Each structure stands twice: as C-alpha cells, then as structure tokens.
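Residues per chain are reported as follows:
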Amino acid sequence: MKTTSLSPHLACLLGGAIGDALGGPIEFLSLAQIRAKFGPSGITGYAQLDGGIARFTDDTQMTLFTAEGFLLAPPNADPIPTVHRAYRAWLQTQSGRFDPSRKVLEGRLLALPEMWALRAPGATCLSALRSGRVGSIAQPLNDSKGCGGIMRAAPAGLLFEPQVAFEMGCRLAALTHGHPSGYLSAGFFACLVSALLRGSDLPAAIRLAQLLLLGHTGREETAAAIQAALSLAADSSVPPSPEAVERLGGAWIGEEALAISLYCALVHPTDFRAAVLLSVNHSGDSDSTGAITGNLLGAALGLAAIPQEWIEPIELRAEIERLAVEIEKAASPR
Ligand SMILES: [Mg+2]
C-alpha cells in the first residue's frame, strides 16, 4: 500500500491541472507553429502565466465538477445523477456572467469566480447539457466521440475500485457523449487511474482495463487505438517524439486522446516532466492529452514526481488540495 505522504489522489488532480495548463496555450497550434513560436523543443514549461497564475481550461473545470458531483452524491445512492447536476452547474458557469446565487449545486466550486472563466469549452458538452436530457449508454444523447468525456473522468478512478471505476467512467462520459468510443475511452482511463492508485504498474493496469473493455459492445475503435499506442511504445526503431505522437491521431476524439496519453506514459513511465511535455507538444488537442497524461503520471508516481515550479503557480491550487483530501476520505478502501 502506498503511504498518504505520496498523496497520489492530489498528485492525480494536480497533475491533470498542470498538463491542462501547459497544453492550453498551444491547443489550437500545429506542431510547426509551436516550434516556430517556442523553438525546436516546443514548450518546456508554462507558455503563459496570468499574474503569476497558470490557468487551466475546461478539462480541469469539468474534472473538478466531476469530483464535487461524486462527493455530493447521497451515500449509498447512484452518484451519476448528482454528477449530471454538477455538469449542469458547470454549464451555468459558461453563461459568461458570474452569478453564484442561482444554485444548481451545493458545494464550493460555483462560488469561485475562476470556475466561471470561459476556456474554450467543448461544443458537445455544451449542447448535450443545454438539451436538459440525461444521456446514458442505453439511451445515447448523440453520436459524439469527442474527448470531452475522457478528459474529465479521473475522479471516478480516484474514488472507486478498478471495475467500478470503469463503469462510472463510462457512465459519466455517456451523460454527454453517446458514441462508444467517447465513453469507453473514459471508462478505460478511469480504470487505469484506479489501478495505478492501488499500486499497479502501468502495463498491469492496461491489461486489467483491456480485460474489462472486452465486456463492452462497440469497443473496436477504442481497443485498436490502445493497441496502436502499445505497439508504437514497444517499437524500438521509433524514438519518442512529437512526430511519433502524431501517428496516433489528433486526440480530438476520445480513443485518440487515450492512445496518445498512454503512449506518453509508457515511454516515460517514471518521468512526469518528460511524459507531460511529450503529451502537449503536437498539433492536436494539447490541453486534453496534457490533462489525461498528467492525471495518469500523478496517480502512478505521486506528488514528489511533479516539478515544484509547475505546482506552485497552478490556478485554484488550494481548492484542488481540499477536493483531493475529501476524495481520499471518501474513496473505497484499497
Ligand atoms: Mg480544454
């Protein structure tokens, strides 16, 4: 068992926020544009500090609302309806007008002005939540497989044992993303976080999640993307590089975001900095792959592995720390 001094719950949440904040400023830049602006290595730290603060994007905003939703769910009840309410609260924050008096959700996040900032929110999340309908695996809302499901799923892995985390990850993503690749990638990722937190190494965590994936229909694209990441990571003729990352796609869809993050974690399993920098310096959805990779490496390696100069300036650090403590208290026994 890991000791709490390594704070893997906190490291997972902080790691995700850091990866998100690193990737945010280059989300919409091609690799050529990133290199032209920042040099041949791309970004090597925060490209943008706002009054000394490293701002995260919608990925972390929604991850924090996922965490708060799970924490506010009534004991012994299905938590997914409360997670949906938390996403409705997030939708409220995207109205462009700070108004915490209209309470969609109890909890602390709605009272924080930072959470109301518009940081390129995903169109599928917005439209699905605006519809007022509740998506599920049995009754999909749409056919979207965008990475808006997986990018926010880490708290399911922090709270539940791997098999339950897989199901919860799928179900929280299916609230907004109806295509199997949109929610199975999220379930797979949540399962990985859970297994890593319980001391599995990454290859063992992947094997477990692959076994669980076998029980789901519509898994073919997700399974193929994972296999592509594993094969590329095992190919000694291909050194890790942004060009290698781009062989796995652009990460705008769930299974590609999962594949890129898996690849970066597999080729740099003990180096948070190298894995997360590799995960953001490419032409695709840099903040989402940064967030997912940061969640994975944080859960695997704990707080000590995260560069202190990346932790210090992260937005809402105190709130992330509070949520991590509450999650650790609420988490299923290991
Ligand atoms: Mg984003």
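Everything numeric in this text was worked out from a predicted model, so none of it was measured. (Residues numbered from 1 in each chain as written. Predicted model: local features only at pLDDT ≥ 70, side-chain atom pairs only at ≥ 80, totals over all residues. Heavy atoms only, no water.)

Quick look at empty space enclosed by the protein
- In total, this model carries one cavity of 30 Å³ or more according to the counting rule given.
- In this structure, the largest cavity occupies an estimated 40 Å³ of space.
- Considering the residues around the largest cavity, the lining is formed by Leu-13, Gly-16, Ala-17, Asp-59, Thr-60, Thr-63, Leu-64, Met-151, Ala-291 and Asn-295.
- Taken together, the elements giving at least two residues each to the lining of the largest cavity come down to α1 (8-23), α3 (58-72) and α14 (286-301).
- The class makeup of the residues in the lining of the largest cavity is five nonpolar, four polar and one charged. (1 Å grid on protein atoms, 1.4 Å probe; cavity = no way out; pocket = protein on both sides within 12 Å on 5 of 7 lines; lining within 4 Å. Points joined across faces, edges and corners; volume = space filled by probe spheres on them. Helix = DSSP H or I, 4+ residues; strand = E, 2+ residues; numbered from the N terminus. Nonpolar A, V, L, I, M, F, W, Y, C, P; charged D, E, K, R; others polar.)

Let's talk about the confidence of the model for the protein chain
- Per-residue confidence for the protein chain gives a mean pLDDT of 95; residues scoring 70 or more make up 97%.
- Ignoring residues within four places in sequence, the model shows residues 1-5, a span with pLDDT below 50, making nine contacts including any to other chains. (pLDDT = per-residue confidence, 0-100. Contact = heavy atoms within 4.5 Å.)

Some remarks on unusual backbone geometry
- Residue Ala-251 is not a glycine yet carries a positive backbone phi of 70°.
- Here Ala-251 is to be found in the loop between α11 (242-246) and α12 (254-267).
- One non-glycine residue, Leu-316, lies in the positive phi region at around 55°.
- Examined against the element boundaries, Leu-316 turns out to sit in the loop between α15 (308-311) and α16 (317-330).

Overview of the nonpolar core
- In this structure, Ile-18, Phe-65, Phe-70, Phe-188, Phe-189, Leu-192 and Tyr-263 are the most contacted members of the largest nonpolar core, which totals 108 residues.
- Broken down by element, this core gets its largest block of residues, 12 residues, from helix α8 (residues 180-197). (Core = buried A, V, L, I, M, F, W, Y, C linked by side-chain atoms within 4.5 Å. Buried < 20%, exposed > 50% of the residue type's maximum accessible area, 1.4 Å probe, protein only.)

Some details on the pattern of salt bridges
- By the definition in use, this model includes 14 salt bridges.
- Two residues, Lys-145 and Glu-221, come together in a salt bridge whose shortest N-O distance is 3.0 Å. Residue Lys-145 is found in the loop between α5 (123-130) and α6 (154-159), and its partner Glu-221 is found in helix α10 (residues 220-234); the two are separated by 76 residues along the sequence.
- According to the relative accessible area criterion, Glu-221 is partly exposed, its value standing at 34%.
- Across the pair Glu-255 and Lys-145 runs a salt bridge, and its minimum N-O distance is 3.7 Å. Taken as a pair, Glu-255 in helix α12 and Lys-145 in the loop between α5 and α6 lie far apart in primary sequence, 110 residues in all.
- By sharing partners, the salt bridges in this structure join Asp-50, Arg-55, Arg-119 and Glu-315 into a single network. (Salt bridge = Lys/Arg side-chain N within 4 Å of Asp/Glu carboxyl O.)

With respect to the coordination of the magnesium ion
- Surrounding the magnesium ion are the protein donor atoms Thr-57 (OG1), Asp-58 (OD), Asp-59 (OD) and Asp-287 (OD), which sit 2.0 to 2.4 Å from the metal.
- Classification of Thr-57 as buried rests on a relative accessible area of 8%. (Donors = N, O, S within 2.8 Å, 3.2 Å for Na, K, Ca; no water.)

As for the environment of Ile-306
- By the element assignment, Ile-306 lies in the loop between α14 and α15.
- In this view, Ile-306 contacts Ala-11, Gly-15, Ile-18, Phe-272 and Ile-311; residues no more than four positions away in its chain are not counted.

Notes on the environment of Gly-157
- When you line up the elements, Gly-157 lands in helix α6.
- Sequence-wise, Gly-157 and Met-115 are 42 residues apart; in three dimensions their C-alpha atoms are separated by 22 Å.
- Once you skip the residues sitting within four places of it in the chain, Gly-157 turns out to touch Ala-165, Ala-190, Val-193, Ser-194, Leu-197 and Arg-198.

Here we look at α1
- The end-to-end C-alpha distance of α1 is 22 Å, a good match for the 22 Å that 16 residues give at a rise of 1.5 Å each.
- Most of α1 is tucked away: 16 of the 16 residues are buried. (Expected span 1.5 Å × (residues − 1).)

Describing α12
- Between its first and last C-alpha, α12 extends 20 Å over 14 residues, near the 20 Å set by a 1.5 Å rise per residue.
- Of all 14 residues that make up α12, 11 are buried, and the element is covered over most of its length.
- When we look at burial in α12, the residues that qualify are Gly-254, Glu-255, Ala-257, Leu-258, Ala-259, Ile-260, Ser-261, Leu-262, Tyr-263, Cys-264 and Ala-265.
- For α12, the elements touching its buried residues are α8, α9 (202-213), α10, α11, α13 (272-280) and α14.

A short note on the packing of aromatic side chains
- On inspection of all chains with the given rule, the structure shows four aromatic pairs.
- Both rings, one in Phe-98 and one in Trp-116, keep their centres 5.3 Å apart while their planes meet at 90°; by these two values the pair is edge-to-face. Pair noted here: Phe-98 is in the loop between α4 (80-93) and α5 and Trp-116 is in the loop between α4 and α5, with a separation of 18 residues, a long-range link.
- The partly exposed category is assigned to Phe-98, whose relative accessible area is 42%.
- Its guanidinium or amino end placed over the ring of Trp-310, Arg-273 lies 5.1 Å from that ring's centre, counting from NZ or CZ. (Phe/Tyr/Trp six-rings, centres within 6.5 Å; stacked < 30°, edge-to-face > 60°. Lys NZ or Arg CZ within 6 Å of the ring centre and 35° of its normal.)

A look at the packing of α12 against α13
- At a minimum axis distance of 8 Å, the contact between α12 and α13 shows a crossing angle of 150°. When the axis of α12 is compared with that of α13, the two are roughly antiparallel. Once α12 is placed against α13, the crossing between them reads as right-handed. Residues Tyr-263, Cys-264 and Val-267 of α12 touch α13, and the partners they reach there are Ala-275, Leu-278 and Ser-279. (Axes fitted to C-alpha atoms, helices over the stretch in contact; angles between N-to-C directions. Parallel < 35°, antiparallel > 145°, perpendicular 65-115°, else oblique. Left-handed = near helix turned anticlockwise from the far one by under 90°.)

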